[in-house]
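Working through the structure, step by step
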Amino acid sequence: MELDFLATLLLSSLSSAAILLIATVGLAVMFGLMGVINLAHGEFIMFGAYATLFATQIGIPYPLAIIFATIVTAIFGGIVELLIIRRLYGRIFDTLLATWGLSLVLYQSAVLIFGTVTPGIGLPISNIQIGDYSLSVYLLFLILVAVVLIGSLYWLLTKTSYGITARAAIQDRETASAVGVESARINTMTFALGSGLAGFAGAILLPAIPATPNMGFAFVIKAFLAVVAAGPVTLTGTVAVGSTLGMVGNITASFWTSVVGDIVFFLLTITILRIFPLGISGRWRMKL
Amino acid sequence: MKDSTSSISSLIRNFRLRSSDPSIFIALIFALTLAISSFWIDPYLAYVGTSWVIFGLLGLSLDLVWGRGGLLSLGQTSFYGIGGYVGSIAAINFAPLTGNSLIWALPFGAISGTILAALVGWFIFYGRMGSLQSTILTYTFTLIVWTITLSFTTEIGDAVVGGDNGMSNIPGFVLGFGEKASSLSPNMMFLTVVVISAIVYLIVAFIVRSPFGLVIDSIRLDAVKAELLGLDIRLFQTLMFMLAGAIAGIAGALFGAWANYLNPSIFSVQEALLVPIYVLVGGLGTLIGPFVGALTVGGLSFWLGGGVIGGQTTLVMGACLIVLVLFLRKGIVGGIQALFARIFDDLEAKDRLSQQTSQVRVNLNLLEKLQTSTNVQRDATLKTINTSKRFGGVLAVDSVSQNFAPGKVRCIIGPNGAGKSSYLKTCTGAYEPDSGTVLYSSQDITKINPFERVKLGLGIKMQTAQVFDELSVRQNLWIAGYGNGLNKERADQVSDEMLDVLNMREISTRQASTLSHGEQQWLDIGMVLCLAPSVILLDEPAAGMSKEEKRQLSELVRLMARTATVVVVDHDMDFVRTLDAEITVLHQGAVFAQAEIDELRKDERILDIYLGRRQSVTDF
Amino acid sequence: MTNRLMPNFERVWSQNYKFVCLVMLALAISLVAVTQVRADDEIKVGSIFDLTGGLNIYGIQQSQALHLAVNNINDNGGVLGQQLQVVEYDAQSELAKFTQYTNTIILRDQIDVLFAGLTSSSREAMRPIVRKNNIPYFYSALYEGGACDKQTFITGASASQQMSVLIEWAIKEYGPKIYIMAPDYNFGTISAHWIDHYAKEYGGEVVGSDFLALTVTDYSPTIQKIQAAKPDFVAALPVGANQTGFLEQFAAAGLKEKMGIVSTNYGSGNQQVVVSPDAGEGIVASQEYFMWIDEPNNEPFKAKWEAAYSLDEPIISEAADVWNAVHIWAKAVEVAGTTDSDAVIAALESGISFDGPNGTVTMQPGSHHLKQNIYIVRGNRTHGFDVIQTFESVAPSFEDQVCDLIANPDTAEHFTPADL
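Residues numbered from 1 in each chain as written. Chains lettered and ligands numbered in written order. Predicted model: local features only at pLDDT ≥ 70, side-chain atom pairs only at ≥ 80, totals over all residues. Heavy atoms only, no water.

**A short note on the overall build of chain A**
Looking only at helices and strands, chain A has eleven helices and two strands in total. Start at the N end of chain A and walk to the C end: the helices and strands fall as α-α-α-α-β-β-α-α-α-α-α-α-α. Contacts in chain A between residues at least 24 apart in sequence constitute 79% of all its contacts with a sequence separation of at least 6. As displayed, chain A has an accessible area near 10,600 Å², and 71% of this comes from carbon and sulfur atoms. (Helix = DSSP H or I, 4+ residues; strand = E, 2+ residues; numbered from the N terminus. Contact = heavy atoms within 4.5 Å. Areas by Shrake-Rupley, 256 points an atom, 1.4 Å probe, with all protein chains shown as cover.)

Structure representation (structure tokens):
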């Protein structure tokens, strides 16, 4: 096995992990800070992708379109929280089903509005050569995006007043409400944040994965598994589990087929849950 | 011969006993209506309706697991699909020999569903997985099966399993035997499926009313408490899961015979998520709801698919689901029940009338008599040797060695955070200590499960009153008497006696959730006593009790200590003082002092701990 | 346990009693409501396509083509002097719905012919039902090939039909080494078999293959394996929108300059619209119809389509397949002089042909597949295709070889290359 092969294998598995993380953090934030599993997460990603597409079509340059999509999806998420999620606090399985209903509605609305095929914006054709192999620069760029994304999220949750109150609210709801934390408002913000992150994922991944009404489905399954296997300490847990699962899946797929990669991914999740019934971070002391 | 007649007669007796319960009659009438309608409805409607009844059966399997067992399983379709495949493979190969296809398809479907559910259930329940994790695990399981079957091709006898192209040539519903037997007409097929579903429903209804059903209910309501009553909850949950797997397998086999064709889409995510919808639409936990739900959803989507609203089925279904979850939480059955309850029923008002708090007066004489009549182990002791438990960086229990024996009440006191509850939990089995040993008499019980400790003779009452909210007072006590030994006669007798001991006969039919806080504490204590334990661990038993109740409790505890080992953890010093106990003081996880109450009162350091004066503590 | 332990359940169930009466009433009413007998003497054309759900990319156009064809026939006087009436159901991209609606459409609506289905699994679900009820059934989509049943007629191209010309052309154009990227189910695995088969026939060699789950979005492992195998061209068979991501990532990694890329299904779901110009340019596809082909009947067909719908979304090959299917059936009914199934099937087996938008298509009497043109096209920068070569009247050689419904009318099989 040649060195160039191993180097590209490492880089491509890192980019796989990065894609998984980018697509997952929004879900992780919602689950970690609100205890909500959003089954419409994939459709929020799609929402972001179409918002980006719309923005580029009316002439906004792609980098600004990403910001536009993130904000629009965040606002949309906030509205969803106010209309639906708020009424279902503490009913995790009802939330699961309501968000599934939402995902169906969003999916079909996308079909109605955008049709089943819309032009993509394409990946920039630039690549680097490692020995016999070439890699897309954009996919490598995604590794950087993932790192920056996790870093700024960490900053947001530890250094800003929103982050501190949100974490306080999850750690001790009663005390938090006693000292006047408006948990309802915090929850709306958290849901909007999670949605915004989903929108960002759709926007940033759009060049590699064209926008289609059912694009979300392909992401969400692995995203759910990563979040649940990560357990209650979402940010650190998700980074640990998400990157491990992403890389292992990629490497097995490189040596066998992508189906084997998927099955290994699933089996690994099951194994993690068998050993750590509450997710890998179930007994961790850190809280983020 | 004699055996079989007696079992038949007991069956009849049982049936008569329960015949005052109308639910089975209702189901029978419901099934009968459908069955009769099968003689005159259009064949196409019978054909399509057959599939809705099959989906209802699949929904029933989830309702059992979710509504009764408390686990939202997204894996029922995998049992359903595998049951369908295995049942159909059996039917393809063997039906030509007999004519009849169902005698092959149904048992094979049921057995394969059961085996698979046993496997998944073992993983979840014996792994003591969290509820969300379990849901996701079942979902993952379905995805794995789906991924594998999409490209899995093989030939088993005459059956060709062709990956995504599926398996064709599955025999339809053939009831007759011999070579001339032919497939049923759509109407007869509908009738057959209704009859099979009714039989399955009846079996489930009987099981839900049996002690097994009551155990399942209590596990859903409070799994920790159920285990502290000596019930191996893992086993019961797995058994329940297997039963549901069998039902799903039967439904799958019926589906295969209905469609004459199976394909991996049966394992798809869409299918998996449809099942909870049937259950929710009909009404969770009602058992009949899934059938109502499947008929409603099936009918709706059939109507929409006919182009009524321009083909926007998905949109309408999604919106319906959201509305349903938001506004009709209990589904159609539950919603209509509530409506009827509001219009016709004043049971709630009656309940409220009977809610004058009854003064608890414990009948100690009776208790003493019972205590001496039961033949429990008299000299059982509980011993811990250097037990330690660490959470992260905090040493919650710091090598505590204690020897508890009958004769005198033992108390463990200490300020908040002293490690009292953590220590007690290493004794009950809720925590496994990092080091040290826990001995019951001479038996090492450090690593065994809570229910196994209870079976040995431990009786545990946790800090808050743990009662099964939705069950009646009598049912609470009955399950406590049943848990240890699974003996119905004993449970009947013990719960009956305990009602007298607690003086709760008048409120025996009330739901536990309607009791006052003090009454719930007494009921909880009563449940512990039903176990006839030889070692009793009580965590703050007097919390929420009136002065008079505390006096009675103190008497009761001292009475129990005469024959059993009794350990009380409390920081209510007034109560502790009345117990005439030997006291162990815990501080920062370690034993700080151990003495009679009077000696301790002279000890300045104890006061320091309670008052937060630091000097003596640091000296120590 | 004694009965008095259960007052709670009793209470709950005693309320159910009233409820169930209500349900029974509702049920009775609804049963009566749907039991309406319809009787008329129009010719009924059944249609079951995925108008909603994930497969409606294809289903909507299939249905549009059906309506267009039926209107076209009706405008020209109908069939046997009678107007055609369409009975349509939406299968919602759910397989169970095909079973359900096929029975409904036959038992209740009593159709004379059925046009339905996109996926092979949907066809396999319907095939036993139409067989039992002896209703002519037309399946109009490109597929892996091999279906053989008296009542079933296929107007799409089979994998061997497309592959035979595509692989020959590609080996000449690019060189002998082939890498296969295919979805991991029957269409993919059987297509891969034909690639291998024709590679050997024309002096090529398959140097590697990857079979992908439909949910894969990240293709870096595949791209890596392709680079390790160093093929002259890649045979890519992406299914669904996700797999178009492969083409983007393939182009972005710079592989398009190093090797060719060919496909038998690229374009069948308008993938060329989704894929960006950079990634789509130069992809070679082969099918029985493209909107850009130059055939005498294509322009009028496109004009009719544009008048009825629009050409914002290019017409897919499945739409042309449905159009051909309806017209061939109508022609066969005219020949038979009746809609009686046996007579129509006999007419369809008489070597009937039709001048469709993709040239003349002929129903092969033995295999019930079409002998038709196969076009090789290359993607351009405007989300469209340029025709490079037309192979006239390509026969469905595999199906003709294994399936002879004239000699063996009782055959009801789905042949795979393993049956050769």
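**Describing the interface of chain A and chain B**
Contact with chain A, which involves 39 residues of that partner, is made by 42 residues of chain B. Area buried by chain A at its contact with chain B is led by Phe93, Leu97 and Arg274 of chain A, which between them contribute 19% of it. For the pair chain A and chain B, the number of links is zero salt bridges. Seen at the junction of chain A and chain B, the total is zero residue pairs in polar contact (both at pLDDT 80 or more). Those elements that provide at least two residues to the side of chain A that touches chain B are α4 (92-114), α9 (215-230) and α11 (258-275) of chain A. With 15 residues, α4 of chain A is the single largest residue contributor to the side of chain A that touches chain B. Taken together, the residues of the side of chain A that touches chain B break down into 30 nonpolar, four polar and five charged. (Buried area = accessible area lost by both parts, 1.4 Å probe. Salt bridge = Lys/Arg side-chain N within 4 Å of Asp/Glu carboxyl O. Polar contact = N/O pair within 3.5 Å; in protein donor to acceptor, adjacent residues only side chain to side chain. Nonpolar A, V, L, I, M, F, W, Y, C, P; charged D, E, K, R; others polar.)

**Observations concerning the nonpolar core**
One finds Leu254 and Phe255 of chain B together with Phe115, Phe246 and Trp329 of chain C to be the most contacted residues of the largest nonpolar core, which totals 386 residues. Residues contacting Trp329 of chain C, with those up to four places away along its chain left out, are Ile43, Val45, Leu84, Val113, Phe115, Phe138, Val344 and Leu348 of chain C. (Core = buried A, V, L, I, M, F, W, Y, C linked by side-chain atoms within 4.5 Å. Buried < 20%, exposed > 50% of the residue type's maximum accessible area, 1.4 Å probe, protein only.)

**Points about helix α3 (residues 43-68) of chain B**
Residues and elements named next belong to chain B. Its 26 residues give α3 an end-to-end C-alpha distance of 36 Å, which sits within 8% of 38 Å, the value for a rise of 1.5 Å per residue. Judged by how many residues are buried, α3 sits mostly within the fold: 25 of 26 residues are covered. Positive phi appears at Gly70, one or two residues downstream of α3, with a value of about 85°. (Expected span 1.5 Å × (residues − 1).)

**Examining the pattern of salt bridges**
Inspection of the entire model under this criterion finds 30 salt bridges over all chains. Of the charged contacts, one joins Lys389 of chain B and Asp434 of chain B as a salt bridge, the two residues approaching to 3.8 Å between their closest N and O atoms. Residue Lys389 of chain B is located in strand β3 (residues 382-391), and its partner Asp434 of chain B is located in the loop between α17 (420-428) and β6 (435-440); the two are separated by 45 residues in the primary sequence. Classification of Lys389 of chain B by relative accessible area gives buried; the value is 11%. Asp500 of chain B is paired through a salt bridge with Arg505 of chain B; the nearest N and O atoms lie 3.0 Å apart. Members of the salt-bridge network, linked through shared partners, are Arg123, Glu124, Arg127, Arg131 and Asp149 of chain C.

**Some thoughts on the state of the cysteines**
All names here are of chain B. Counted under the stated rule, the structure contains one disulfide over all chains. Free of any disulfide, Cys427 has its nearest neighbouring cysteine sulfur in Cys411, separated by 14 Å. Residue Cys427 is classed as buried on the basis of its relative accessible area, which comes to 1%. (Disulfide = S-S within 2.5 Å.)

**Observations concerning the domain arrangement of chain B**
Residues and elements named next belong to chain B. The domains assigned to chain B are domain 1 (21-267) and domain 2 (364-619). Counting residues at the interface gives 19 residues for domain 1 and 25 residues for domain 2. Note on domain 1 versus domain 2: buried area summed over both sides is about 2,000 Å², and carbon and sulfur give 71% of it. Contact with domain 2 buries area across many residues of domain 1, yet Lys225, Leu228 and Leu229 alone supply 33% of it, more than any other trio. Across the pair Arg220 and Glu470 runs a salt bridge whose closest N-O atoms are separated by 3.3 Å. Linking domain 1 to domain 2 there are five residue pairs in polar contact (both at pLDDT 80 or more). Looking at the side of domain 1 that touches domain 2, the elements that each hand over two or more residues are α8 (211-221), α9 (223-228) and α10 (233-259). Ranked by the residues each element gives to the side of domain 1 that touches domain 2, the list is headed by α8, at six residues. Here the residues of the side of domain 1 that touches domain 2 sort into ten nonpolar, two polar and seven charged. (Domains from an automatic or database assignment.)

**Thoughts on the sheet that holds strand β7 (residues 443-444) of chain B**
Reading across from one edge, β4-β3-β6-β7 (chain B) is the order of the four strands in this open sheet, with antiparallel pairing throughout. The open sheet has two edge strands with one neighbour each: β4 (394-404) and β7 of chain B. (Pairing = 2+ DSSP bridges.)

**Comments concerning the packing of helix α10 (residues 234-255) of chain A against helix α7 (residues 220-229) of chain C**
Viewed as axis vectors pointing N to C, α10 of chain A and α7 of chain C meet at an angle of 30°, and their least axial separation amounts to 8 Å. Two packed elements cross with a definite hand, and for α10 of chain A against α7 of chain C that hand is right-handed. In this structure, α10 of chain A contributes Asn250, Ala253 and Ser254 of chain A to the contact, and α7 of chain C contributes Ser220, Pro221 and Lys225 of chain C. Class assignment for the residues of the contact of α10 of chain A with α7 of chain C results in two nonpolar, three polar and one charged. (Axes fitted to C-alpha atoms, helices over the stretch in contact; angles between N-to-C directions. Left-handed = near helix turned anticlockwise from the far one by under 90°.)

**Observations regarding a nonpolar patch on the surface**
A surface patch of nonpolar side chains, about 660 Å² in accessible area, is lined by Leu64, Ile67, Ile71, Ile75, Ile79, Leu82 and Leu83 of chain A. Checked against the element boundaries, Ile75 of chain A lands in helix α3 (residues 62-83). (Patch = residues over 30% accessible without salt bridge, like charges linked within 9 Å, V, L, I, M, F, W, Y side chains within 5 Å.)

**Examining the packing of aromatic side chains**
Two measures describe an aromatic ring pair: the distance that separates the ring centres and the angle between the ring planes. Residues and elements named next belong to chain B. Overall, the coordinates contain 40 aromatic pairs over all chains when judged by the stated rule. Here the aromatic rings of Tyr85 and Phe267 are separated by 6.2 Å at their centres, their planes lie at 5°, and the arrangement is stacked. With Tyr85 in helix α4 (residues 76-98) and Phe267 in the loop between α10 and α11 (269-282), the pair connects residues that are 182 residues apart, well separated along the chain. Residue class for Tyr85 comes out buried when judged on its relative accessible area of 8%. On the basis of relative accessible area, Phe267 is assigned to the buried category, the value being 0%. (Phe/Tyr/Trp six-rings, centres within 6.5 Å; stacked < 30°, edge-to-face > 60°.)

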